[in-house]
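Summary of the model geometry
Chain by chain, the residues run as shown.
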Amino acid sequence: MPDVAVAVVLAAGLGTRMRSPLAKVLHPLLGRPMVGWVVEAVREAGCAPVVVVNHQADAVMAALPGCRFARQEAPLGTGDAVRSALAVLPEAGPVVVTAGDTPLLTGAAIARLLAAHAAHGGPCTVASFTAADPTGYGRIVRDADGVRIVEQAHCTPAQALVREVNSGAYVFDAAWLRANLPTLTPHPPKGEFYLTDLVGPGAHVCDGFAELDFLGVNDRAALAEARGVLRRRVNTAWARAGVDFADLDSAIVEVGVTLEPDAHVGHGAILAGRSHVGGMVGPHSIVVDSRVEAGAILHAHSIAQDAVLHAGAQAGPFARLRPATVLEAGSHVGNFVETKNARVGAGAKANHLTYLGDAEVGEGANVGAGTITCNYDGAGKYRTVIGARAFIGSNSALVAPVTVGDGAIVGAGSTVTRDVPADSLAVGRAPQVNREGRAPDVRARARARAGKTP
Ligand code: UD1
Ligand code: CA
């Protein structure tokens, strides 16, 4: 007997009902492919996964590190799929078989099925549940001949009304499986071999599983439903670990994300990729591969991608932090500010309508509303350096490469094309001219031009 049971995960099907060029089992749910959820569940139950692949095999294998694989030559049904895994199955002992399209599967459900199989002692145990709507599932039919599974397509009207259905998860005795798989015969019209035909007299049905744990995803409606259930499960687990959620249903936290106790996740926030959040993420903000440290705030409707907000930093609402943005402690980036490859020093502020690209903003500097770092000349990208405590007046254009020294002041509306020495005042705009009393004259000429009487 091997130490751990092997679990065969069937993932070779075409998934035609998804109407997608992507293999069904690769459709992502919270940053993990559908079949990845099944693999995690069987591992949680202590099983070693063997994944049966065919359609988009290379992509499926690449998505499942640490698994063993068996290749099904052609997708000739679930029975044929298990047959193609025989070469890597043990000679004896329990073998779990489960479908790769039931992403809500839990380790506890598989553990329960394994225990029932051991207790019953028969060659085959199948998990069943009572479906609110059994459409699409194989029905568990019990009559004088014992138990069997009748697929939707082959149901009599009476059988179609049966609500106890096949979950698609089984435990077989390995030796019995080897002896009996060759007895399967193909079903017209597609010539598929049904694994379900192995469930007959002598099989044990372990019933009462939760319908939700075995939701079979065959189309996009079920995919979206599964996504909703997983979202709530993941969020609830984080909430139990101390994370504050404005709403458990609307926030999306992908599986690669880590959170600290007391982090806050706003309504409809999306935390994706390899993000880490210890601070606050406001409603409808999107955080991808970014760090929001404890004490940092990303206000509502902001986007952070490959960005870091150190403790005490704040961004948004409506900020866009693009890759390689670092907001140091206590810095503020306000509404309609875009940053890219930019470091905003401790306590520095760029509060309104600004673009900081390829820029370094020194400690305590103030970047006025509407300031643009002109980092691109149509061919290359260049850096703007703003010194510590510098003051950039509103609506300035800093044409890179350019440096504004520590403590310098740039007058509002300036176009800065040359370096500004430390503690200097730079004004780069047309000087203002006042012509006293000229306004009525200008107005009269304008009216005459428009054909209006004086
Ligand atoms: C299957 C069961 C049905 C059960 C339901 C539970 C059969 C004949 N029917 O139906 O009784 O109620 O699951 O969800 O088994 N696959 C392969 N190779 C193939 C065909 C399928 O690996 O040649 C894989 C698919 O990728 C999928 C799984 O097996 O992950 C189930 O296949 P699917 O076609 O979805 O079966 P259902 O019609 O849902
Ligand atoms: Ca299915």
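The sections below set out a description of the structure shown in this document. Values in this document were obtained by computation on a predicted structure and should not be read as measured data.

**Considering the nonpolar core**
Residues Leu259, Leu271, Leu309 and Leu321 are the most contacted members of the largest nonpolar core, which totals 96 residues. Looking at this core, the element that brings in the most residues is helix 1 (residues 34–44), giving 7 residues. Excluding residues that lie within four positions of it along the chain, Leu321 makes contacts with Leu298, Ile303, Ala304, Gln305, Ala307, Leu309, Ala315, Leu327, Val333 and Thr339. If you look at the next biggest cluster of nonpolar residues, it comprises 31 residues, including Ala81, Leu89, Cys124 and Val126.

**Section: the pattern of salt bridges**
Once the charged atoms of two side chains with opposite charge are near each other, the side chains can pair. Throughout the structure, instances matching the rule amount to 15 salt bridges. The closest approach of N and O atoms between Asp213 and Arg233, which form a salt bridge, is 3.1 Å. One end of the pair, Asp213, is in the loop between strand 11 (204–209) and helix 7 (220–240); the other, Arg233, is in helix 7, with 20 residues separating them in the sequence. Overall, Asp213 belongs to the buried group, its relative accessible area being 15%. Judged by relative accessible area, which is 30%, Arg233 ranks as partly exposed. Glu338 is paired through a salt bridge with Arg322; the nearest N and O atoms lie 2.6 Å apart. Residue Glu338 is found in strand 28 (residues 338–344), and its partner Arg322 is found in the loop between strand 25 (320–321) and strand 26 (325–327); the two are separated by 16 residues along the sequence.

**Side note on a nonpolar patch on the surface**
A cluster of nonpolar side chains, namely Phe391, Ile409, Leu425 and Val427, defines an oily patch on the protein surface of about 380 Å² accessible area. Mapped onto the elements, Phe391 comes out in strand 34 (residues 391–392).

**Comments concerning the side chain of Thr325**
Within the element layout of this structure, Thr325 appears in strand 26. Taking the relative accessible area as the measure of exposure, Thr325 reaches 1% and is therefore buried. Polar side-chain contacts of Thr325 include one of 2.7 Å to the backbone oxygen of Arg322. Each residue touching Thr325, except ones within four places of it in the same chain, is listed here: Asp306, Ala307, Val308, Thr339, Lys340, Asn341 and Ala342.

Quick notes on the rules
- Position numbers for residues count from 1 along each chain, tracking the sequence in the order it is written.
- Chain letters and ligand numbers both follow the written order, the letters beginning at A and the numbers at 1.
- pLDDT decides what is reported in this predicted model: residues at 70 or higher carry local features, side-chain atom pairs at 80 or more are listed and counted, and totals for whole chains, interfaces and linings draw on all residues regardless.
- Side-chain descriptors were evaluated using all non-hydrogen atoms of the structure, hydrogens and water having been removed beforehand.
- Buried residues of nine kinds, namely Ala, Val, Leu, Ile, Met, Phe, Trp, Tyr and Cys, make up a nonpolar core once their side-chain atoms join them within 4.5 Å.
- Relative accessibility under 20% of the residue-type maximum defines a buried residue, over 50% an exposed one, and the middle range a partly exposed one, all with a 1.4 Å probe and only protein chains included.
- The secondary structure listing takes helices from DSSP runs of H or I that are at least 4 residues long and strands from runs of E that are at least 2 residues long, numbered from the N terminus.
- Contact between two residues is taken to exist if any of their heavy atoms lie within 4.5 Å; hydrogens are not considered.
- Think of a salt bridge as a Lys or Arg side-chain nitrogen and an Asp or Glu carboxyl oxygen that are within 4 Å of each other.
- Patch membership is restricted to residues that have no salt bridge and whose relative accessible area is over 30%. Joining uses 9 Å for like charges and 5 Å for the nonpolar side chains Val, Leu, Ile, Met, Phe, Trp and Tyr.
- Surface accessibility follows the Shrake-Rupley procedure with a 1.4 Å probe radius. Residue values consider only the protein chains on display as shielding.
- Whenever two N or O atoms come within 3.5 Å, that pair is a polar contact, provided that in protein one can donate a hydrogen and the other can accept it, and provided that, for residues adjacent in sequence, both atoms are side-chain atoms.

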